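The chain contents come next:
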Amino acid sequence: MAQLPWPAHQFVDYWGRAESWRSLPLPQRLKLLRLAASIHDAASLEAALAHSGVSLLHEAVASAAAVGAILAPEVLLRREAGSLNPTTLYVACAQGQLDALRWLASSSDFLGAAMRHPLHLGHAAQEACHGGHAAVLSWLRQELSHNPGVDDLVQLAACAARNGHAALMQEL
């Protein structure tokens, strides 16, 4: 995640040109794109999208979801450049980003039938437990009708306990 305040003007001035990106290897270009996606600045994101040459845009969306930056998925989907995959759901759950989850549920077909599959919801719930996010578990139950069985609850409690979230473990 970037430091705040974000130097948006300087970022766009330097990275808003194709020649600035040419010498960077793909991993560095991807890292800069993730950074621009997670900072909540449309001009920085647009500059990175225009010149990075990165096609792994779902990783940028996941980075944005991890910090609750809803702007990036909106921009990527509007440009039809991004794709949402289960990783976006998982990182939003792991980081407790309810606003990003609400956006995913209301603004796209992302959380359609495939994402409501028990396998995806189970993994999302595990990520929420690893992060200690009881509110995310509640949201998964209420909004996506995730109803874990007894064995699943034991596994969720173990996920919470492994990361020191004793109160969540007891709640489960």
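Up top you'll find the structure we're talking about.
Attention here is on the structure that accompanies the text. (Residues numbered from 1 in each chain as written. Predicted model: local features only at pLDDT ≥ 70, side-chain atom pairs only at ≥ 80, totals over all residues. Heavy atoms only, no water.)

## Quick word on the nonpolar core
Step number 1: Ranked by size, the top nonpolar core spans 25 residues in total, and within it Leu89, Cys93, Leu101, Cys129, Val136 and Leu140 carry the most contacts.
Step number 2: At the level of elements, helix H7 (86-94), helix H8 (98-107), helix H9 (118-131), helix H10 (134-144) and helix H11 (150-162) are the ones that each hand at least two residues to this core.
Step number 3: Not counting chain neighbours up to four residues away, the residues in contact with Cys129 comprise Leu137, Leu156, Cys159, Ala160, His165, Leu168 and Leu172.
Step number 4: The next biggest cluster of nonpolar side chains, apart from the first, holds 24 residues, and it includes Trp6, Ile39, Leu57 and Ala60. (Core = buried A, V, L, I, M, F, W, Y, C linked by side-chain atoms within 4.5 Å. Buried < 20%, exposed > 50% of the residue type's maximum accessible area, 1.4 Å probe, protein only. Helix = DSSP H or I, 4+ residues; strand = E, 2+ residues; numbered from the N terminus. Contact = heavy atoms within 4.5 Å.)

## As for the side chain of Gln126
Step number 1: On the secondary structure map, Gln126 appears in helix H9.
Step number 2: You can call Gln126 buried: its relative accessible area is 18%.
Step number 3: A distance of 3.4 Å separates a polar atom in the side chain of Gln126 from a polar atom in the side chain of Gln155.
Step number 4: The residues contacting Gln126, other than those within four sequence positions of it, are Gln155, Leu156 and Cys159. (Polar contact = N/O pair within 3.5 Å; in protein donor to acceptor, adjacent residues only side chain to side chain.)

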